[in-house]
Amino acid sequence: MSASLDRIWALALRVIRQFRRDRRTLALLFLAPLFVMSLLAYMIQSPSSSVRLGLSLPSAAAPLQGVVEEALRAQGLEVTVIQEQDARELLEEGKLDAALLFPQDLLQVLAAGGQPKVELWLEGSEPSINGEVMARLTAFLHNLSVSSPRQGVLPNLPALPELVTTYLYGGADFTTVSYLAPAFVSFFIFFFVFLLSAVSFLRERSRGTIERLLVSPLGRGEIVLGYALGFLLFALVQSAIILLFSIYVLGIHYLGSLWLVYLVNFLVILSSVGLGIFLSAFARNELQAVQFIPIVVIPQILLGGFFWPLQQMAPALRWIAQAMPMTYAIQALKAVMVRGQGLAAIWPQLLALLGFTILFFLLAALSVRKMA
Amino acid sequence: MNDEVVRVEELTKDFGALRALDRLSLTIPRGTIYGLVGPNGSGKSTLIKILTGLLRPTSGQATLFGQTAGTISIRRRIGYMPQLEGLYLDLTVEENLQFFASVYGLKGADQRVRTEEALSLVELTARRGSKGEELSGGLRQRLSLACALLHRPELLLLDEPTVGVDPELRQTFWEAFTRMAGEGTTLIISTHYLEEASRCRRLAMLRDGQLLVEESPARILESTGEASLEEAFLRLGKEGRRVGLA
Ligand SMILES: Nc1ncnc2c1ncn2[C@@H]1O[C@H](COP(=O)(O)OP(=O)(O)O)[C@@H](O)[C@H]1O
Ligand SMILES: [Mg+2]
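Residues numbered from 1 in each chain as written. Chains lettered and ligands numbered in written order. Predicted model: local features only at pLDDT ≥ 70, side-chain atom pairs only at ≥ 80, totals over all residues. Heavy atoms only, no water.

1. Describing the overall build of chain A
Applicable threshold: Helix and strand assignments follow DSSP, with helices taken as H or I runs no shorter than four residues and strands as E runs no shorter than two, numbered in order from the N terminus. Burial classes follow relative accessibility: with a 1.4 Å probe on protein chains only, a residue under 20% of its type's maximum area counts as buried, one over 50% as exposed, and anything between as partly exposed. Contact definition: two residues touch when any of their heavy atoms are within 4.5 Å. Residue-level accessible areas treat just the shown protein chains as cover; the underlying method is Shrake-Rupley with a 1.4 Å probe.
Scanning chain A from N- to C-terminus turns up 15 helices and five strands. Every one of the 372 residues in chain A was classed for burial, and the buried ones make up 50%. A fraction of 76% describes how many contacts in chain A between residues 6 or more apart in sequence connect residues 24 or more apart. Accessible surface computed for chain A: about 17,700 Å², of which carbon and sulfur atoms make up 66%.

2. Describing the packing of helix 2 (residues 93-103) of chain B against helix 4 (residues 137-149) of chain B
Residues and elements named next belong to chain B. Short version of the rule: Axis angles are defined between N-to-C directions and span 0 to 180 degrees, where every axis is a line fitted to C-alpha atoms and, for a helix, only to the segment in contact. Angular relationships are summarised with four words: roughly parallel below 35 degrees, roughly antiparallel beyond 145, roughly perpendicular across 65 to 115, and oblique for the angles in between. We call a crossing left-handed when the near helix sits turned anticlockwise from the far one by less than a right angle, and right-handed when that turn is clockwise. Gly is placed with the polar residues, together with every amino acid not listed as nonpolar (Ala, Val, Leu, Ile, Met, Phe, Trp, Tyr, Cys and Pro) or charged (Asp, Glu, Lys and Arg).
Remark: helix 2 packs on helix 4, axes separated minimally by 9 Å, with the N-to-C direction vectors making an angle of 25°. Relative to helix 4, helix 2 is oriented roughly parallel. The two elements helix 2 and helix 4 cross, and the hand of that crossing is right-handed. Facing helix 2, whose interface residues are V93, N96, L97 and F100, helix 4 presents L143, A146 and C147. Looking at the contact of helix 2 with helix 4, its residues break down into six nonpolar, one polar and no charged.

3. Observations regarding the interface of chain A and chain B
Heads up, the condition is: By convention, the term buried area covers the 1.4 Å-probe accessible surface removed from two parts as they join, with the contributions of both added. A pairing counts as a salt bridge when a side-chain nitrogen of Lys or Arg comes within 4 Å of a carboxyl oxygen of Asp or Glu. Distance and chemistry together define a polar contact, namely a pair of N or O atoms within 3.5 Å, with one atom able to donate a hydrogen and the other to accept it when in protein, and with adjacent residues in sequence counting only for side-chain atoms on both sides.
Counting residues at the interface gives 17 residues for chain A, matched by 27 residues for chain B. Across the chain A/chain B interface, buried area totals approximately 1,800 Å², and carbon plus sulfur atoms make up 57% of it. When the buried surface of chain A facing chain B is broken down by residue, R212, V215 and P217 of chain A rank first, second and third, together holding 41% of it. Applying the counting criterion to the chain A and chain B interface returns one salt bridge. At the junction of chain A with chain B, the criterion picks out ten residue pairs in polar contact (both at pLDDT 80 or more). Elements supplying a minimum of two residues to the side of chain A that touches chain B: helix 7 (176-206) and helix 8 (209-215) of chain A. Among the elements that line the side of chain A that touches chain B, the one with the most residues is helix 8 of chain A, at six residues.

4. A short note on the sheet that holds strand 6 (residues 78-81) of chain B
Residues and elements named next belong to chain B. The following threshold applies: When DSSP finds two or more bridges between a pair of strands, those strands are recorded as paired.
Strand order in the open sheet made by the six strands is 6-7-8-3-9-10, with mixed pairing throughout. The open sheet is flanked by strand 6 and strand 10 (210-215), the only strands paired with a single partner. In this sheet, neighbouring strand axes are inclined to one another by 15° on average, regardless of whether the strands run parallel or antiparallel. As paired strands, strand 7 (residues 155-159) and strand 8 (residues 186-191) are joined by five bridges and run parallel to one another. Each bridged residue has a counterpart across the sheet, and for L156 the counterpart in strand 8 is L187.

5. Some thoughts on the site of ligand 1
All names here are of chain B. Defined as follows: Distances are taken per atom, and a residue is near a molecule or strand as soon as one of its heavy atoms is within 4 Å of it.
Around ligand 1, the neighbouring residues are F15, L18, A20, P39, N40, G41, S42, G43, K44, S45 and T46. Between ligand 1 and the protein, one listed contact pairs an oxygen atom with a backbone N or O atom of S42 at 3.2 Å. The contact in question runs from an oxygen atom of ligand 1 to an N or O atom on the backbone of G43, over 3.0 Å. Only strand 2 (18-29) and helix 1 (44-52) provide two or more residues apiece to the shell around ligand 1. Class assignment for the residues of the shell around ligand 1 results in four nonpolar, six polar and one charged.

6. What about the sheet that holds strand 5 (residues 67-68) of chain B?
Residues and elements named next belong to chain B. Pairing within the open sheet is antiparallel, and its four strands lie in the order 2-1-4-5. Each end of this open sheet is capped by a strand with a single partner; those strands are strand 2 and strand 5. Bridge count for strand 4 (residues 59-64) against strand 5 is two bridges, and the pairing is antiparallel. What sits directly across from L64, in strand 5, is Q67. This element, helix 1, spans strand 1 (4-15), strand 2 and strand 4 of the sheet and lies at about 120° to strand 1.

7. Examining unusual backbone geometry
Residues and elements named next belong to chain B. The phi dihedral of E10 falls on the positive side, at around 50°, and the residue is not glycine. Along the chain, the position of E10 falls in strand 1. Under the relative-accessibility criterion, E10 is labelled partly exposed at 46%. Positive phi, close to 50°, is recorded for F65, a residue that is not glycine. Looking at the secondary structure, you find F65 in the loop between strand 4 and strand 5.

Below, the structure is given as structure tokens:
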């Protein structure tokens, strides 16, 4: 019995010793959870006040304008007065998240004691913004009703105005999965390609094969490219499987060209290989490579637009998000898959991804040297 | 001059506060089997890595074929067998050879011929389909050597090639080394087996990064008056003497 305890204790001591000497693992163990949790807390607290609403009232109802605007602002909405005919364009250009259009016959309907139909147009591609808009407008409409203390805003309102909602993009067909699918596609590719290339490069170092490669006629850039090419094959197959699964099994609704989806994934794969090789230079074993997950992968999940759209983030977080490739990949894939947009809409994101790819390749090639 | 494959001048390598090589100078002519001997930690691997370009000298120079070590244009002319086995364990014997052959630009029939040659030299033909991870240490060592000489380099840098190889095959290896040297290949071989060091044309005896002696085995025995290289090395080490420097 005591011999067994001795063995157990000896083993425990060995483990304690090992970790006591490994400062990185200690830092990860203690600091990474704090890091991720602070990030989460910050995000949940961040006021998502930046919902931009366009408001159009008929000119006959001009006297009501000020009161309506004020009631909307009281709900934390950013109100801009617009012309009804401009609504679509402003939404398409991303200058507004939603537009609230009161009918031309508003006063007549009210005078006749009827229920006015208020049109709500939603840009639609961000489910969280859709939800936000709906929640705030419901509160706003409720305040307009006769029973509320704000009675008098629209005098003698017999019932809650009827809200007719139109989605510019997405909408009823688009389940939450449909909105999340584009983000999932790029995330899985990024995650696996990053981790696997980091780990296999580490193996290259620990087995000494990297020495043979560096002594051979292979240049450093070629080594990085060779790796990228190898991973490209697997990752493209992987993304095809994820896409097919999402479309045929999960039944996601998607628009746009699958070739563009592939083009985005292609750049995600290349940049992930570069990042994986580069960061593997800072790890001494496979465990340490895995330790990059909370530092490199999780922030990209939280900030990349996976759950929260960029524009709803606090400025500091938005700034961090803009320094991460995942942000651009998710933006581009949402544009293609949810909004059915083409190359003309996503070229800035493609350019950003290309920039990351080139940067990570250079860093990877430079870091290969110090691996001997 | 044309006959000089390696030239090392005042070569020094520091790892932080540790001096791994201390102002080493030597030259190696074509077709020589050049032995690096010395105990563990004496700097043999460090010297070989500098010659391959894997490490940069702290000061001094290392040139191969008249060009700075590590230059891309001379890489095809050298073969390197690392002290770490440097093999892909998830690939078979044959796949490892094919991979390194391709890295050196060998294709098609050329690649097949060289692969067969290398396999038979290290007597691994029967194990060609075995995965690296299934091989014992000695067999891996043989495969590792085969990978280094597959492309018939002019200069072979072998870091402890005979560790874990049984005496019979060690004999075969040395016969092959001697034959290659006869054909004009230059070989730099590190070892801590002093009995095989006597087969080298010249020997550099290292201790703590310093060159104790650089001479032919016969001259070393002669000048120290000892009967074996082992004893000669011990004596030189004790005296801390530096002789035979060009
Ligand atoms: N990358 C390195 N970093 C720090 N010290 C090293 C490194 N490589 C070798 N050394 C040290 O340099 C000395 C010479 O090592 P090495 O050349 O491997 O000797 P040998 O091959 O003769 O056994 C040793 O003390 C070793 O610990
Ligand atoms: Mg060594």
